[in-house]
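# Structural overview for review
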Amino acid sequence: MSSFAVIDPATGTIHAEYPAATDAEVEAGLGAAQKTYQEWSRTTTVAERAVLAKRLADLFVERKDKLAAIINREMGKPLQQAVGEAEFSGSIAAAFAEHAEEWLADEELEVADGLRTFFRYQGLGVILGIMPWNYPYYQVARFAIPNIILGNTVIVRHASQCPESALALEELFRDAGFPEGAYVNLFATHQQISTMIADDRVQGVSLTGSEQVGAIVAEQAGRALKKCVLELGGADVFLVLDTDDVDLAVKKAVMGRMGNTGQSCNGSKRIVVLDKYFDEFAGKFKAAIAGQSYENGDFGPMSSDSATKFLASQVQGALDQGAEILVGNNEPQGNVFTPTVITNITPSMDVYSEELFGPVAQLYKVSSDEEAIKLANSSPYGLGSVVICDDVERAERVGNQLDVGMVFVGAYDLSGADVPFGGVKKSGYGRELGKVGMLEFANKKLFRFAK
């Protein structure tokens with residue numbers, strides 16, 4: 001079987017297979033991206049490139065149903081969520097198109113000698129993006145669109161189970177009017193990825209993926225003196241500290257855990273509840289998770305056989321070490337994994353420091369804000385967090401002590417098309433989206449003028 005294949009995780013049906021790129025195709029892709037950077041990116045304005053991004057935004061919306069069907073087949077995303085992902089990707093394109101000139105305007109500096117001094121933000125060259133399967137459009141959009149508007153060109157190596165969404169994206173960029181070489185899709189092998197990272201034409205690398213792969217890419221990029229941005233997952237906490245509405249807190253926790261069938265980097269994986277609310281919350285959360293319906297499209301299959309088996313092995317390991325299942329049976333039917341809640345987890349268990357990438361929640365009880373903070377920070381990951389607390393000043397104090405890149409107060413996933421995203425610790429480094437994300441791969445060129 002080809003290394004790039006569409007295998008429906010709901011049925012196991014192999015819909016299509018695609019050959020890996022030849023070395024000649026990789027060289028042609030590198031050459032095209034470099035040529036377009038030199039001949040197009042450096043001779044067009046931010047405004048001109050933003051016009052194409054606006055057209056791209058429209059195409060995401062116009063083709064949302066077709067795009068949704070592709071990723072439903074590739075990785076099992078429920079159709080309604082898949083349509084939402086295509087629409088959000090369009091929102092990202094529209095946001096960058098709208099704000100690019102403002103975000104990339106020259107930044108004047110006040111200096112002691114009074115000489116006119118400013119930063120000008122320009123592209124660096126070819127940027128390689130190594131993309132994951134869990135958000136096939138959104139992850140690519142937040143990487144590729146700002147870089148191309150900035151003045152870079154991009155080469156995208158999508159996940160091996162997402163070849164058709166990869167081709168659909170390449171078509172979108174082309175139909176929006178971007179020239180050949182501005183956005184290059186390559187079904188590259190691992191060795192070819194390494195070769196591209198080392199190639200002098202590539203000026204940076206962005207990876208969204210696992211901690212293990214991130215370490216490899218960072219090492220290779222470091223040897224080649226290339227900047228990289230890494231988003232490597234997380235074990236985000238959902239802290240319930242102070243609320244007059246436990247029902248609403250439960251609803252938000254279910255959203256945080258079950259979105260994308262639990263296969264979201266910043267999903268709420270550890271639900272941490274203050275003891276005064278714990279019994280009521282636990283009972284209602286258990287019932288809400290048990291009420292999730294595969295048939296009604298509340299969640300989909302796990303993305304692949306290997307993902308299902310790995311999650312089941314993690315849950316079984318936790319049970320073997322003394323954890324307890326409140327909901328679920330750890331007996332997936334094919335790749336349909338029954339939504340699950342586990343509790344009585346202790347720091348000595350492997351699962352205490354692992355990321356559970358699927359519809360499995362860990363439920364903890366704490367007796368104070370300090371205990372909640374300590375538990376939250378015990379994870380090796382530090383992507384995002386949710387703090388449910390009616391006292392917003394208290395929520396901010398707690399959030400200020402969390403070792404994470406993002407704190408959402410009052411709700412899960414307060415993300416936006418222009419809101420920066422990223423983490424700390426083993427969740428990676430760098431940011432995407434917003435102005436700060438747009439500048440990650442910018443040449444921050446200094447200008448100084450003599451009197």
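Cut-off values and rules
- Every residue gets a number counted from 1 within its own chain, in the order that chain's sequence is written.
- Only residues with pLDDT of at least 70 are given local features in this predicted model, and only at 80 or more are side-chain atom pairs given and counted; all residues enter the totals for whole chains, interfaces and linings.
- Where side-chain values are given, they derive from all heavy atoms of the structure, hydrogens and water being excluded.
- Each helix is a run of H or I in the DSSP string that is no shorter than four residues. Each strand is a run of E no shorter than two, and both are numbered from the N terminus.
- Just to be clear, the radius of gyration here is over C-alpha atoms, and the globule rule we use is 2.2 Å times residues to the power 0.38.
- Between buried and exposed lies partly exposed: a residue is buried under 20% and exposed over 50% of the maximum accessible area for its type, with that area taken using a 1.4 Å probe on protein chains only.
- The definitions used throughout rest on a 1 Å grid laid over the protein atoms alone, on which a cavity is an enclosed set of points accommodating a 1.4 Å probe that cannot get out and a pocket is an open set flanked by protein within 12 Å on both sides along at least five of seven lines; lining residues are those having an atom within 4 Å of a point.
- Grid points are joined across faces, edges and corners, and a volume is the space filled by probe spheres set on the points.
- Residues are grouped as follows: Ala, Val, Leu, Ile, Met, Phe, Trp, Tyr, Cys and Pro are nonpolar; Asp, Glu, Lys and Arg are charged; all remaining types, including Gly, are polar.
- Pairing between strands is defined by DSSP: at least two bridges between them are needed.
- Whether a crossover is right-handed depends on one test, that the path from the first strand over the helix to the second runs clockwise when the strands point away from the viewer.
- What counts as an axis is a line fitted to C-alpha atoms, over the stretch in contact for a helix, and the angles between N-to-C directions run from 0 to 180 degrees.
- Roughly parallel covers angles under 35 degrees, roughly antiparallel covers those over 145, roughly perpendicular covers 65 to 115, and oblique covers all other angles.
- Contact between two residues is taken to exist if any of their heavy atoms lie within 4.5 Å; hydrogens are not considered.
- Residues enter patches when their relative accessible area tops 30% and they take part in no salt bridge; the joining distance is 9 Å for like charges and 5 Å for the nonpolar side chains Val, Leu, Ile, Met, Phe, Trp and Tyr.
- Only the protein chains shown count as cover for residues, with accessible areas throughout obtained via the Shrake-Rupley method and a probe of 1.4 Å.
- What makes a salt bridge here is a side-chain nitrogen of Lys or Arg within 4 Å of a carboxyl oxygen of Asp or Glu, nothing more.
- Each residue after the first adds 1.5 Å to the expected span of a helix.
- Starting at the helix axis, one direction is taken to each C-beta atom, and the arc is that of these directions.
- UniProt positions are given in the numbering used here, feature names are shortened, and annotations may be inferred rather than shown by experiment.

Helix and strand counts for the protein come out as 14 helices and 20 strands. For the protein, the C-alpha radius of gyration of 23 Å lies close to 22 Å, the compact-globule estimate for 451 residues. Oriented by its inertia axes, the alpha-carbon framework of the protein measures out at about 70 × 60 × 40 Å. Expressed as a percentage of the 451 residues in the protein, the buried residues total 56%.

Another point: the layout of surface pockets. Looking at the largest pocket, its volume works out to about 1,400 Å³. Forming the boundary of the largest pocket are 50 residues, of which Trp-133, Gln-161, Gly-209, Ser-210 and Val-213 lie nearest the centre. Here the residues of the lining of the largest pocket are counted per class, giving 22 nonpolar, 21 polar and seven charged. If you add up the space inside the second largest pocket, you get close to 710 Å³. Surrounding the second largest pocket, 29 residues form its lining, Gln-81, Tyr-135, Gly-259, Asn-260 and Asp-413 being those nearest its centre. Every element with two or more residues in the lining of the second largest pocket is listed here: α4 (79-103), α5 (138-150) and α9 (246-258). Top contributing element to the lining of the second largest pocket by residue count: α4, with six residues.

Okay, the pairing of strand β8 (residues 202-208) next. By the criterion of burial, β8 is predominantly enclosed, with six of the seven residues buried. Sheet topology places β8 next to strand β9 (residues 227-231); five bridges connect them, and they run parallel. In the sheet register, Gly-204 faces β9, and the bridge partner there is Lys-227. Following the chain from β8 across helix α8 (residues 211-223) to the adjacent parallel β9, one finds a crossover that is right-handed.

As a further point, take the packing of helix α2 (residues 46-62) against α5. Pairs of packed helices are described in terms of their axes, by the angle between the two and the distance that separates them. With their axes 8 Å apart at the nearest point, α2 and α5 run at an angle of 155 degrees to one another. Between α2 and α5, the angle falls in the class roughly antiparallel. Within the contact between the two elements, α2 uses Val-46, Arg-49, Ala-50, Ala-53, Leu-56 and Phe-60 and α5 uses Ile-145, Ile-148, Ile-149 and Leu-150. Considering only residue class, the contact of α2 with α5 consists of nine nonpolar, no polar and one charged.

Ordered in space as β7-β6-β5-β8-β9-β19, the six strands form an open sheet in which the pairing is mixed. What marks the edges here is a single partner per strand, and that holds for β7 (183-185) and β19 (428-429). When strand β5 (residues 126-130) meets β8, the two strands line up parallel, connected through five bridges. Along β8, the bridge assignment pairs Leu-128 with Val-205. Most of the contacts of helix α1 (residues 23-41) go to strand β6 (residues 153-157), to which it runs at about 155 degrees, and overall it touches β5, β6, β7 and β8.

Right, let's get into a nonpolar patch on the surface. Residues Val-392, Val-407 and Val-409 make up a contiguous nonpolar surface patch of about 220 Å² in total accessible area. Along the polypeptide, Val-407 turns up in the loop between α13 (392-400) and β17 (408-409).

Okay, unusual backbone geometry next. Residues other than glycine predominantly adopt negative phi, and peptide bonds predominantly adopt the trans conformation. A positive phi angle, near 55 degrees, is found at Leu-225, a position not held by glycine. Its location among the elements puts Leu-225 in the loop between α8 and β9. Its relative accessible area of 78% is what places Leu-225 among the exposed residues. Although it is not a glycine, Lys-425 sits at a positive phi angle of roughly 55 degrees. With respect to the helices, strands and loops of the structure, Lys-425 is situated in strand β18 (residues 424-425).

Below, the discussion takes up α8. With 13 residues, α8 extends 18 Å from end C-alpha to end C-alpha; this agrees with the ideal 18 Å at 1.5 Å per step. All of the buried residues in α8 are Gly-214, Val-217, Gln-220 and Ala-221. Down the axis of α8, the smallest arc covering the buried residues is 130 degrees, so these residues share one side. In α8, the exposed residues that point more than 90 degrees away from the buried face are Gln-212 and Arg-223. The secondary structure elements touched by the buried residues of α8 are β5, α7 (190-198), β8 and β9. Where α8 ends, the next residue or the one after it, Leu-225, has phi of about 55 degrees, a positive value.

All right, on to the UniProt feature "domain: Aldehyde dehydrogenase" (unreviewed entry) in the protein then. Following the UniProt record, the feature "domain: Aldehyde dehydrogenase" (unreviewed entry) maps to residues 3-445 here. Strand forms 20% of residues 3-445 and helix 43%; the C-alpha atoms that close the span are 41 Å apart.

All right, on to the environment of Thr-153 then. Counting through the fold element by element, Thr-153 comes out in strand β6. Under the relative-accessibility criterion, Thr-153 is labelled buried at 0%. Expressed as a C-alpha distance, the spacing of Thr-153 and Leu-128, which sit 25 residues apart in the sequence, is 8.8 Å. Discounting chain neighbours no more than four positions away, the residues touching Thr-153 are Ala-33, Thr-36, Tyr-37, Ser-41, Gly-125, Val-126, Ile-127, Gly-181 and Ala-182.

What follows deals with the sheet that holds strand β14 (residues 360-366). Taken together, the seven strands give an open sheet; going across it, the order is β12-β13-β14-β11-β10-β16-β17, and neighbouring strands pair in mixed fashion. Of all strands in the sheet, those with a lone pairing partner are β12 (324-327) and β17, marking the two edges. Here strand β10 (residues 236-242) runs beside strand β11 (residues 268-274); their pairing, made up of five bridges, is parallel. From the neighbouring strand, Leu-239 faces β11, where its bridge partner is Val-272. Contacts from helix α10 (residues 275-290) reach β10, β11, β12, β13 (340-343) and β14, with the element oriented near 145 degrees to β11.

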